[in-house]
Amino acid sequence: MYNNWNDLQEECKKCEKCDLAKTRINVVFGDGNPNAEVMFIGEGPGQTEDETGKPFVGRAGQLLDKMLAGVGLSRDNIYIANIVKCRPPQNRDPLPAEQEACIEWLRNQVSLIRPKIIVFLGRISAMKLMKPDFKVTKEHGQFFEKNGVLMMGTFHPAALLRSPGNKPDAFEDFRKLRDKISEICENTEIESFEN
Ligand code: URA
């Protein structure tokens, strides 16, 4: 466990705990505001993320930015990280052993950020850290309380690109998030928006 954000980031960038280290270009540690009250957790970096070292900067990331903007949020007032910090080859799902090898970095990030709300993007991250039997179609947008943190799972933006019919439900989840932020967060500025 690191008590200091910079030490954590420096050590994480040197990680060789699993074989994904052999094929990565960059470790994708996270992006946004480490003092945020709201944290988003995705699955793992894709090609553009691997190339740039930043999470959610490819097509899925652009959709995520749009959804954030739609409820008056931006990367300046949230923090985004992934379950695994290195790109799985061919963008396959991260293997359970890779998730296990990597999860301590994320747990350390969560313990330093101490978010009030965590949003899981997609089934993989929600199952790993919120609810092992999480079903995104049935339980998206529902808040669960765990260890004093409110948690919610929603559709992964890459899945929304494949199944755009779920976008209205996903936008509704983001509106619920916005309302929850207004209710319980003190330092998260929500820009004015049109519904
Ligand atoms: N998908 C993810 O889960 N994370 C990223 O950083 C990019 C795409």
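So, a few notes on the structure that sits alongside this text. Bear in mind the structure is a predicted one, so any value in this text is a computation, not a measurement. (Residues numbered from 1 in each chain as written. Predicted model: local features only at pLDDT ≥ 70, side-chain atom pairs only at ≥ 80, totals over all residues. Heavy atoms only, no water.)

Structural notes on the layout of surface pockets
So, point 1. Space inside the largest pocket adds up to approximately 660 Å³.
So, point 2. Along the wall of the largest pocket there are 31 residues; nearest its centre are Glu43, His156, Ala158, Ala159 and Arg162.
So, point 3. Of all elements in the fold, only α3 (47-52), α4 (59-70), α6 (123-129) and α8 (157-162) reach the threshold of two or more residues within the lining of the largest pocket.
So, point 4. Considering only residue class, the lining of the largest pocket consists of 11 nonpolar, 12 polar and 8 charged.
So, point 5. Empty space within the second largest pocket amounts to approximately 210 Å³.
So, point 6. Lining of the second largest pocket is provided by Ile41, Leu106, Arg107, Val110, Ile118, Leu129, Lys146, Asn147, Val149 and Met151.
So, point 7. At the level of secondary structure, the elements contributing two or more residues to the lining of the second largest pocket comprise α5 (96-113) and β6 (149-154).
So, point 8. Sorting elements by how many residues they give to the lining of the second largest pocket places α5 first, with 3 residues. (1 Å grid on protein atoms, 1.4 Å probe; cavity = no way out; pocket = protein on both sides within 12 Å on 5 of 7 lines; lining within 4 Å. Points joined across faces, edges and corners; volume = space filled by probe spheres on them. Helix = DSSP H or I, 4+ residues; strand = E, 2+ residues; numbered from the N terminus. Nonpolar A, V, L, I, M, F, W, Y, C, P; charged D, E, K, R; others polar.)

A short note on α5
At 3.6 residues per turn, the α-helix brings residues three or four places apart onto the same side.
So, point 1. Under the 1.5 Å per step criterion, the end-to-end length of α5 is 25 Å for 18 residues, consistent within 8% with the ideal 26 Å.
So, point 2. Those residues of α5 that fall on the buried side of the exposure criterion are Glu98, Gln99, Ala101, Cys102, Ile103, Trp105, Leu106, Asn108, Gln109 and Ile113.
So, point 3. Of the surrounding elements, those touching the buried residues of α5 are α1 (5-13), α2 (20-23), β2 (38-42), β3 (79-82) and α6.
So, point 4. Positive backbone phi, at 50 degrees, marks Arg114, one or two positions downstream of α5. (Expected span 1.5 Å × (residues − 1). Buried < 20%, exposed > 50% of the residue type's maximum accessible area, 1.4 Å probe, protein only. Contact = heavy atoms within 4.5 Å.)

A look at unusual backbone geometry
So, point 1. Backbone geometry places Asn91, a non-glycine residue, at a positive phi of 55 degrees.
So, point 2. Mapped onto the fold, Asn91 is located in the loop between β3 and α5.
So, point 3. Of the residues examined, Asn91 reaches a relative accessible area of 46% and is grouped as partly exposed.
So, point 4. The phi dihedral of Asn147 falls on the positive side, at around 50 degrees, and the residue is not glycine.
So, point 5. Examined against the element boundaries, Asn147 turns out to sit in the loop between β5 (143-146) and β6.

Points about the environment of Phe144
So, point 1. Tracing the backbone shows Phe144 in strand β5.
So, point 2. Spatially, the C-alpha atoms of Phe144 and Pro94 are 24 Å apart, while their sequence positions differ by 50 residues.
So, point 3. Residue contacts for Phe144: discarding those within four places in its chain leaves Met130, Lys131, Glu139, Val149, Leu150 and Met151.

Thoughts on the site of the ligand
So, point 1. As a matter of local geometry, the ligand sits amid Gly42, Glu43, Gly44, Glu49, Pro55, Phe56, Asn82 and His156.
So, point 2. Interatomic distance of 3.0 Å between a backbone N/O atom of Phe56 and an oxygen atom of the ligand.
So, point 3. Interatomic distance of 2.8 Å between a side-chain N/O atom of Asn82 and a nitrogen atom of the ligand.
So, point 4. In isolation the ligand offers 240 Å² of accessible surface; the protein chains occlude 92% of this area. (Near = heavy atom within 4 Å. Polar contact = N/O pair within 3.5 Å; in protein donor to acceptor, adjacent residues only side chain to side chain. Areas by Shrake-Rupley, 256 points an atom, 1.4 Å probe, with all protein chains shown as cover.)

A few points about empty space enclosed by the protein
So, point 1. Inspection of the entire model under this criterion finds 1 cavity of 30 Å³ or more.
So, point 2. What the largest cavity holds in volume is close to 100 Å³.
So, point 3. Every residue lining the largest cavity is counted, 15 residues in all, and those nearest its centre are Cys15, Cys18, Lys85, Cys86 and Cys102.
So, point 4. Elements with a minimum of two residues in the lining of the largest cavity: α2 and α5.
So, point 5. Ranked by residues supplied to the lining of the largest cavity, first place goes to α5 with 4 residues.
So, point 6. Classifying every residue of the lining of the largest cavity gives 11 nonpolar, no polar and 4 charged.

Quick word on the sheet that holds strand β4 (residues 117-121)
So, point 1. Here we have 6 strands laid out as an open sheet, ordered β1-β3-β2-β4-β6-β5, and mixed in their pairing. Either end of the sheet is taken by a strand with one partner, and the two such strands are β1 (31-32) and β5.
So, point 2. Across 4 bridges, the pairing between β2 and β3 is parallel. By the bridge assignment for β3, Met39 is matched with Tyr79.
So, point 3. Lying over the sheet, α5 contacts β2, β3 and β4, oriented at roughly 170 degrees with respect to β2. (Pairing = 2+ DSSP bridges. Axes fitted to C-alpha atoms, helices over the stretch in contact; angles between N-to-C directions.)

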